Amino acid sequence: MSNDQNSPQRSGMRPWLKVVLALSLALNLAVIGIAAGTAWRFHGKEDHHRGKPPMLSRFIFKDMGRQELRRLVKDHGGETGGLHNRRHNEMEQMIAQMRADELDTAAVRAIVDAHLVETHSFMRGVADAWERRLEGLPLKERRGLADRMQQQLDNRPRHPKGPDH
(Lines give C-alpha, C1' and ligand atoms only; values in the text may rest on other atoms or scores of the structure.)
Protein backbone atom coordinates (compact mmCIF):
# COMPACT_ATOMS: atom_id res chain seq x y z
CA MET A 1 0.00 0.00 0.00
CA SER A 2 1.08 3.50 -0.69
CA ASN A 3 1.46 6.34 1.74
CA ASP A 4 -1.21 8.36 -0.11
CA GLN A 5 -3.99 6.13 1.19
CA ASN A 6 -2.82 6.27 4.80
CA SER A 7 -2.16 10.02 5.01
CA PRO A 8 -5.10 12.28 5.82
CA GLN A 9 -6.33 14.41 2.91
CA ARG A 10 -5.96 18.15 3.14
CA SER A 11 -9.15 20.11 3.28
CA GLY A 12 -9.42 23.81 2.58
CA MET A 13 -7.38 26.22 0.56
CA ARG A 14 -3.68 26.78 0.39
CA PRO A 15 -2.54 29.77 2.49
CA TRP A 16 -1.04 31.64 -0.47
CA LEU A 17 -4.33 31.30 -2.38
CA LYS A 18 -6.20 32.88 0.55
CA VAL A 19 -3.83 35.84 0.46
CA VAL A 20 -4.28 36.26 -3.30
CA LEU A 21 -8.08 36.16 -2.99
CA ALA A 22 -8.04 38.65 -0.09
CA LEU A 23 -5.84 41.04 -2.10
CA SER A 24 -8.12 40.65 -5.11
CA LEU A 25 -11.18 41.45 -3.01
CA ALA A 26 -9.45 44.49 -1.49
CA LEU A 27 -8.45 45.77 -4.93
CA ASN A 28 -11.99 45.28 -6.29
CA LEU A 29 -13.47 47.17 -3.33
CA ALA A 30 -10.96 49.99 -3.80
CA VAL A 31 -11.84 50.32 -7.49
CA ILE A 32 -15.57 50.31 -6.71
CA GLY A 33 -15.03 52.92 -3.98
CA ILE A 34 -13.07 55.18 -6.31
CA ALA A 35 -15.71 54.86 -9.03
CA ALA A 36 -18.56 55.54 -6.60
CA GLY A 37 -16.74 58.52 -5.10
CA THR A 38 -16.07 60.00 -8.51
CA ALA A 39 -19.69 59.56 -9.57
CA TRP A 40 -20.91 61.14 -6.33
CA ARG A 41 -18.50 64.07 -6.64
CA PHE A 42 -19.40 64.98 -10.20
CA HIS A 43 -23.16 64.67 -9.75
CA GLY A 44 -23.37 67.22 -6.96
CA LYS A 45 -25.44 70.40 -6.87
CA GLU A 46 -22.84 72.63 -8.43
CA ASP A 47 -22.12 70.44 -11.46
CA HIS A 48 -25.57 70.35 -13.04
CA HIS A 49 -24.83 73.51 -15.03
CA ARG A 50 -21.39 72.35 -16.20
CA GLY A 51 -20.95 72.74 -19.92
CA LYS A 52 -23.82 75.19 -20.28
CA PRO A 53 -23.22 78.84 -21.07
CA PRO A 54 -23.47 81.20 -18.11
CA MET A 55 -26.81 82.92 -17.83
CA LEU A 56 -27.32 86.40 -16.50
CA SER A 57 -30.48 85.36 -14.65
CA ARG A 58 -28.65 82.51 -12.88
CA PHE A 59 -25.89 84.92 -11.88
CA ILE A 60 -28.43 87.47 -10.59
CA PHE A 61 -30.25 84.84 -8.52
CA LYS A 62 -26.99 83.64 -6.98
CA ASP A 63 -25.82 87.20 -6.31
CA MET A 64 -29.10 88.18 -4.64
CA GLY A 65 -28.80 85.39 -2.11
CA ARG A 66 -31.39 83.02 -0.71
CA GLN A 67 -32.72 85.28 1.99
CA GLU A 68 -33.44 88.16 -0.40
CA LEU A 69 -34.99 85.81 -2.96
CA ARG A 70 -37.26 84.33 -0.29
CA ARG A 71 -38.36 87.85 0.64
CA LEU A 72 -39.07 88.64 -3.01
CA VAL A 73 -41.06 85.39 -3.45
CA LYS A 74 -43.07 86.21 -0.34
CA ASP A 75 -43.71 89.76 -1.54
CA HIS A 76 -44.70 88.54 -5.00
CA GLY A 77 -47.01 85.91 -3.55
CA GLY A 78 -48.67 88.56 -1.41
CA GLU A 79 -49.43 90.68 -4.48
CA THR A 80 -51.29 87.97 -6.32
CA GLY A 81 -52.48 85.61 -3.58
CA GLY A 82 -50.88 82.44 -2.22
CA LEU A 83 -48.08 81.41 -4.55
CA HIS A 84 -48.12 77.79 -3.40
CA ASN A 85 -51.87 77.48 -3.97
CA ARG A 86 -51.64 79.09 -7.41
CA ARG A 87 -48.88 76.72 -8.52
CA HIS A 88 -50.84 73.76 -7.19
CA ASN A 89 -54.02 74.89 -8.95
CA GLU A 90 -52.34 75.51 -12.30
CA MET A 91 -50.78 72.02 -12.17
CA GLU A 92 -54.17 70.47 -11.37
CA GLN A 93 -55.76 72.40 -14.25
CA MET A 94 -53.05 71.25 -16.65
CA ILE A 95 -53.34 67.63 -15.49
CA ALA A 96 -57.11 67.77 -16.05
CA GLN A 97 -56.59 69.16 -19.55
CA MET A 98 -54.04 66.49 -20.40
CA ARG A 99 -56.31 63.69 -19.17
CA ALA A 100 -59.37 64.93 -21.02
CA ASP A 101 -60.61 62.85 -23.96
CA GLU A 102 -60.13 65.85 -26.24
CA LEU A 103 -57.36 68.34 -25.58
CA ASP A 104 -58.60 71.92 -25.24
CA THR A 105 -55.58 73.72 -26.69
CA ALA A 106 -57.07 77.15 -25.90
CA ALA A 107 -57.34 76.21 -22.21
CA VAL A 108 -53.78 74.79 -22.21
CA ARG A 109 -52.51 78.01 -23.79
CA ALA A 110 -54.41 80.11 -21.22
CA ILE A 111 -52.86 78.16 -18.32
CA VAL A 112 -49.35 78.43 -19.78
CA ASP A 113 -49.80 82.12 -20.66
CA ALA A 114 -50.96 82.94 -17.12
CA HIS A 115 -47.94 81.09 -15.75
CA LEU A 116 -45.59 82.98 -18.08
CA VAL A 117 -47.10 86.35 -17.16
CA GLU A 118 -46.73 85.64 -13.46
CA THR A 119 -43.20 84.27 -13.86
CA HIS A 120 -42.20 87.32 -15.91
CA SER A 121 -43.66 89.58 -13.24
CA PHE A 122 -41.59 87.83 -10.58
CA MET A 123 -38.43 87.92 -12.70
CA ARG A 124 -38.96 91.62 -13.37
CA GLY A 125 -39.21 92.17 -9.62
CA VAL A 126 -35.96 90.28 -9.03
CA ALA A 127 -34.23 92.23 -11.81
CA ASP A 128 -35.47 95.55 -10.38
CA ALA A 129 -34.17 94.62 -6.92
CA TRP A 130 -30.79 93.61 -8.38
CA GLU A 131 -30.55 96.85 -10.36
CA ARG A 132 -31.25 98.83 -7.17
CA ARG A 133 -28.57 96.77 -5.43
CA LEU A 134 -26.07 97.64 -8.19
CA GLU A 135 -26.90 101.34 -7.89
CA GLY A 136 -26.00 101.23 -4.20
CA LEU A 137 -22.71 99.37 -4.61
CA PRO A 138 -19.44 101.27 -4.40
CA LEU A 139 -17.23 101.10 -7.49
CA LYS A 140 -14.84 98.58 -5.87
CA GLU A 141 -17.66 96.13 -5.13
CA ARG A 142 -19.22 96.57 -8.58
CA ARG A 143 -15.86 95.78 -10.15
CA GLY A 144 -15.51 92.74 -7.93
CA LEU A 145 -18.94 91.56 -9.06
CA ALA A 146 -17.95 92.20 -12.67
CA ASP A 147 -14.78 90.16 -12.11
CA ARG A 148 -16.88 87.24 -10.83
CA MET A 149 -19.09 87.48 -13.90
CA GLN A 150 -16.02 87.55 -16.15
CA GLN A 151 -14.58 84.55 -14.34
CA GLN A 152 -17.77 82.57 -14.98
CA LEU A 153 -17.68 83.58 -18.62
CA ASP A 154 -14.00 82.67 -19.02
CA ASN A 155 -14.21 79.33 -17.20
CA ARG A 156 -16.62 77.75 -19.66
CA PRO A 157 -15.52 74.48 -21.20
CA ARG A 158 -13.69 75.08 -24.45
CA HIS A 159 -15.37 72.20 -26.27
CA PRO A 160 -18.98 71.91 -25.11
CA LYS A 161 -20.75 68.69 -25.94
CA GLY A 162 -24.30 68.56 -27.11
CA PRO A 163 -26.54 68.59 -30.14
CA ASP A 164 -25.76 72.24 -30.94
CA HIS A 165 -22.01 71.69 -31.25
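You'll find the structure just up there.
Everything numeric in this text was worked out from a predicted model, so none of it was measured.

Calculation notes
Residues numbered from 1 in each chain as written. Predicted model: local features only at pLDDT ≥ 70, side-chain atom pairs only at ≥ 80, totals over all residues. Heavy atoms only, no water. Helix = DSSP H or I, 4+ residues; strand = E, 2+ residues; numbered from the N terminus. Expected span 1.5 Å × (residues − 1). Buried < 20%, exposed > 50% of the residue type's maximum accessible area, 1.4 Å probe, protein only. Arc of directions from axis to C-beta. Axes fitted to C-alpha atoms, helices over the stretch in contact; angles between N-to-C directions. Parallel < 35°, antiparallel > 145°, perpendicular 65-115°, else oblique. Left-handed = near helix turned anticlockwise from the far one by under 90°. Contact = heavy atoms within 4.5 Å. Nonpolar A, V, L, I, M, F, W, Y, C, P; charged D, E, K, R; others polar. Core = buried A, V, L, I, M, F, W, Y, C linked by side-chain atoms within 4.5 Å. Salt bridge = Lys/Arg side-chain N within 4 Å of Asp/Glu carboxyl O. Patch = residues over 30% accessible without salt bridge, like charges linked within 9 Å, V, L, I, M, F, W, Y side chains within 5 Å. Areas by Shrake-Rupley, 256 points an atom, 1.4 Å probe, with all protein chains shown as cover.

Thoughts on helix α5 (residues 83-99)
The terminal C-alpha atoms of α5 lie 24 Å apart, and with 17 residues this matches the ideal 24 Å at 1.5 Å per residue to within 8%. Along α5, the residues that are buried comprise Arg86, Glu90, Met94 and Gln97. Angular distribution of buried residues about the axis of α5 spans 65°; they occupy a single face of the element. Projecting away from the buried face of α5 at angles above 90 degrees are the exposed residues His84, Met91 and Arg99.

Focus on helix α3 (residues 56-64)
Those residues of α3 that sit buried are Phe59, Ile60, Asp63 and Met64. Viewed along the axis of α3, the buried residues span an arc of 130°, placing them on a single side of the element. Following α3 by one or two positions, glycine 65 adopts a phi angle in the positive range, close to 90°.

Here we look at the packing of α5 against helix α6 (residues 105-136)
Contact geometry of α5 with α6 gives a least axis separation of 9 Å together with a crossing angle of 155°. In this view, α5 runs roughly antiparallel relative to α6, as classed from their interaxial angle. Handedness of the α5/α6 crossing: left-handed. Contact residues: α5 offers Leu83, Arg86, Arg87, Glu90, Gln93, Met94 and Gln97, while α6 offers Ala107, Val108, Ile111, Val112, His115, Glu118 and Thr119. Considering only residue class, the contact of α5 with α6 consists of 6 nonpolar, 4 polar and 4 charged.

A word on the nonpolar core
Within the largest apolar cluster, 11 residues are counted, these being Phe59, Ile60, Met64, Leu69, Leu72, Phe122, Val126, Ala129, Trp130, Leu137 and Leu145. Of all elements in the fold, only α3, α4 (66-80) and α6 reach the threshold of two or more residues within this core. Ranked by the residues each element gives to this core, the list is headed by α6, at 4 residues. For phenylalanine 59, the contacting residues outside a window of four places in its chain are Trp130, Leu145, Arg148, Met149 and Gln152.

Section: the pattern of salt bridges
Counted according to the given criterion, the structure contains 7 salt bridges. Salt-bridge contacts for aspartate 63 lead to arginine 133; the nearest nitrogen and oxygen are separated by 3.1 Å. Of the two residues, aspartate 63 is situated in helix α3 and arginine 133 in helix α6; the sequence distance between them amounts to 70 residues. The class of aspartate 63 is buried, set by a relative accessible area of 9%. What you see here is one network of salt bridges that share partners, running through Asp63, Arg133 and Arg148.

Side note on a nonpolar patch on the surface
Taken together, Met13, Trp16, Leu17, Val20 and Leu21 make up a surface patch of nonpolar side chains, about 480 Å² in accessible area. In this fold, tryptophan 16 is placed in helix α2 (residues 15-41). Its relative accessible area of 57% is what places tryptophan 16 among the exposed residues.

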